[in-house]
Amino acid sequence: MDFLQYKNGRLFADDIAIAELAKQYGTPLYLYSKNSITQQFLAFAKALNHRKHLICYAVKANSNLAILHLLAKLGSGFDIVSQGELERVLVAGADPKKVVFSGVAKSVAEIERALQVDIKCFNVESEAELERINQIAGRLNKIAAISLRINPDVDAKTHPYISTGLRENKFGISYQLAESVYQRADRLPNIKIVGIDCHIGSQLTQLSPYMDAADRILALVAKLYADNITIEHIDFGGGLGVCYDNEEPPTPAELIAVLEDRLKHFFNDNPNIDGKKIEILIEPGRSIVANAGLLVTKVEYLKHQEDNHFAIVDAGMNDLIRPALYQAWMRILPEKEAEQEPAKSTAKESTSRHLYNVVGPICESSDILGEKRDLDLSEGDLLVVCSAGAYGFSMASNYNSQPRPAEVMLLDDKKHKLIRERESFTQLWQGETIL
Ligand code: LLP
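What you see is a predicted model, and the numbers here were worked out from it, not measured in a lab.

Participant: Explain the site of the ligand to me, please; I cannot follow it from the model alone.
Facilitator: What surrounds the ligand is a group of 19 residues, the closest being Ser202, Glu283, Arg322, Tyr326 and Tyr391. Separating a nitrogen atom of the ligand from a side-chain N or O atom of Tyr326 is a distance of 2.6 Å. At 2.6 Å from an oxygen atom of the ligand is found a side-chain nitrogen or oxygen belonging to Tyr391. In the complex, the protein chains occlude 92% of the 580 Å² of accessible area that the ligand would expose alone. For the shell around the ligand, the residue count by class is six nonpolar, seven polar and six charged.

Quick look at the structure:
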């Protein structure tokens, strides 16, 4: 997170004092660096430059309109999983022709809306969905462009909750059945096959699962061409991991180089397939926004009991659920830089420095942002949870009737802009009625 630096003992993001931002906008507060998001997107774009390609940002990672708008301006397409996400990208100015629609439970209304606005394609996750899309397209007098999401049955070597490419996962069409489902799709009157797709999981820190999946997908493409089924694009999904602690995930360039190597061999071995015409799609979410985002929170109380030291802060699992849900480790930095360990002889006994459990206001024992963090704290201090740009706000809830935090984008020249207001109390019961 190179946009984050201590200067004279205080933490700055994109050269703006975090304490000032917290004062102006309140806490808990999400901050995003526009430069950092832009750089990550451009890293993918540059790596794919030599190929016909489309980067479809996975909206679920962070669906704030300002982020979608920024990415749309940079030329991004979008991977969506609901009508809500579709409406968001349309409002943010996305070109529907750059939108792919994933998700296992697309409803009739969602399919109708996507057909009406003419999205790029549906990533179909089951044979039943294929039949439904064909039927709806027929009724609307449309031809639906589809790609089958293949479950390649590879181990993504990530947390089980965010692994999606194993046979037992609910996602995609099994590798073994894929060819026959393509043949079925080819016979359906209101379906046009345009692609093939896979997504094997999230927070992937190794290249090997990608290579295994790519090999399987490409072998299937060869079979399809042998069956006289042609495609326009191959979508390798998202999933590239980021560094939260000491992980060393591949860079976008390293990932794309490996895929490129596979593609080069594949097109050489299959001269009947014109590699220049095949568009390459990817669906990164986390790797574009995670390390561009921070959650700023304030210490409400310190509580010391026997061996337990709690820093009770104003952000909780309602604001950022990743640690509670996936036991995810996320870096927590004090806004005031920790002093260097004083030499033993001169060390004055510090009563506020402990291994703290950083916990939130929610009435759940799992409401923990970080465990055993070495911090020197006082009431009112600010803490910054790093790498919170992905699956932070987008997974936030109003549990315990907590209004969701404000979101602010850090711009160039030390400017910043509120991109979502803190929720008000009346918004909490909007739409509700008493008997
Ligand atoms: N494409 C599809 C079809 C997906 O399901 C996902 C993420 C992505 C792309 C983007 O994956 P990414 O590049 O962000 O890894 N809430 C979890 C992550 C869930 C990911 C769900 N699918 C977390 O906080 O770790």
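Participant: Whenever I open this one, the pattern of salt bridges confuses me. Can you help?
Facilitator: Opposite charge on two side chains lets them pair, provided their charged atoms get close. Tallied over the entire structure, the rule returns 20 salt bridges. It is possible to trace a salt-bridge network through shared partners that takes in Arg404, Arg420 and Glu423.

Participant: I'm lost on the sheet that holds strand β2 (residues 10-13) in this one. Help?
Facilitator: Sheet strands pair by backbone hydrogen bonding; their relative direction is either parallel or antiparallel. Here we have three strands laid out as an open sheet, ordered β1-β2-β3, and antiparallel in their pairing. Looking along the sheet, the strands with just one partner apiece sit at the ends: β1 (4-7) and β3 (16-17). For β1 and β2, the ladder comprises four bridges, and the chain directions are antiparallel. Each residue of the ladder has a partner; that of Tyr6, found in β2, is Leu11.

Participant: Would you mind going over helix α4 (residues 83-91) with me for this structure?
Facilitator: Along an α-helix, residues three or four apart share an orientation, since each turn contains 3.6 residues. Buried within α4 are the following residues: Glu85, Leu86 and Val89. Taken down its axis, α4 places every buried residue within 105 degrees of arc, on the same side. Packed against the buried residues of α4 are α3 (65-73), β6 (77-80), β7 (99-101) and α5 (108-117). The N-capping residue of α4, defined by a side-chain oxygen 3.3 Å from the backbone nitrogen of Gly84, is Ser82. Positive phi shows up at Gly93, right after α4, with a value of about 95 degrees.

Participant: So what exactly am I meant to see when it comes to the environment of Glu283 here?
Facilitator: Of note, Glu283 is situated in the loop between β13 (279-282) and α10 (286-289). Of the polar contacts made by the side chain of Glu283, one reaches the side chain of Asn123; its length is 3.2 Å.

Participant: Would you explain unusual backbone geometry in this entry?
Facilitator: Peptide bonds are, in most cases, trans, and in most cases residues other than glycine have a negative phi. Of the consecutive residues Thr27 and Pro28, the connecting peptide bond is found in the cis state with omega at -10 degrees. Relative to the helices and strands, Pro28 is located in the loop between α1 (18-25) and β4 (29-33). Unusually for a residue other than glycine, Ser387 sits at a positive phi of about 55 degrees. Among the secondary structure elements, Ser387 is positioned in the loop between β19 (382-385) and β20 (406-410). Positive phi is not limited to glycine here, since Lys414 has a value of about 60 degrees. With respect to the helices, strands and loops of the structure, Lys414 is situated in the loop between β20 and β21 (416-420). Given the relative accessible area of 55%, Lys414 is considered exposed.

Participant: Can you help me understand the pairing of strand β5 (residues 53-58) in this one?
Facilitator: The side chains of a regular strand alternate, residue by residue, between the two faces of the sheet. Among the six residues of β5, five are classified as buried, and the element is accordingly described as predominantly covered. Two elements, β5 and β13, share three bridges in a ladder whose sense is parallel. Bridging across to β13, Leu54 finds its partner in Leu281. In terms of strand pairing, β5 meets β6 through three bridges, oriented parallel. Directly across from Tyr57, in β6, lies its bridge partner Phe78. For the handedness criterion, the β-α-β arrangement of β5, α3 and β6 is classed as right-handed.

Cut-offs used in this document
Residues numbered from 1 in each chain as written. Predicted model: local features only at pLDDT ≥ 70, side-chain atom pairs only at ≥ 80, totals over all residues. Heavy atoms only, no water. Near = heavy atom within 4 Å. Polar contact = N/O pair within 3.5 Å; in protein donor to acceptor, adjacent residues only side chain to side chain. Areas by Shrake-Rupley, 256 points an atom, 1.4 Å probe, with all protein chains shown as cover. Nonpolar A, V, L, I, M, F, W, Y, C, P; charged D, E, K, R; others polar. Salt bridge = Lys/Arg side-chain N within 4 Å of Asp/Glu carboxyl O. Pairing = 2+ DSSP bridges. Helix = DSSP H or I, 4+ residues; strand = E, 2+ residues; numbered from the N terminus. Buried < 20%, exposed > 50% of the residue type's maximum accessible area, 1.4 Å probe, protein only. Arc of directions from axis to C-beta. Contact = heavy atoms within 4.5 Å. Right-handed = clockwise from strand over helix to strand, strands pointing away.

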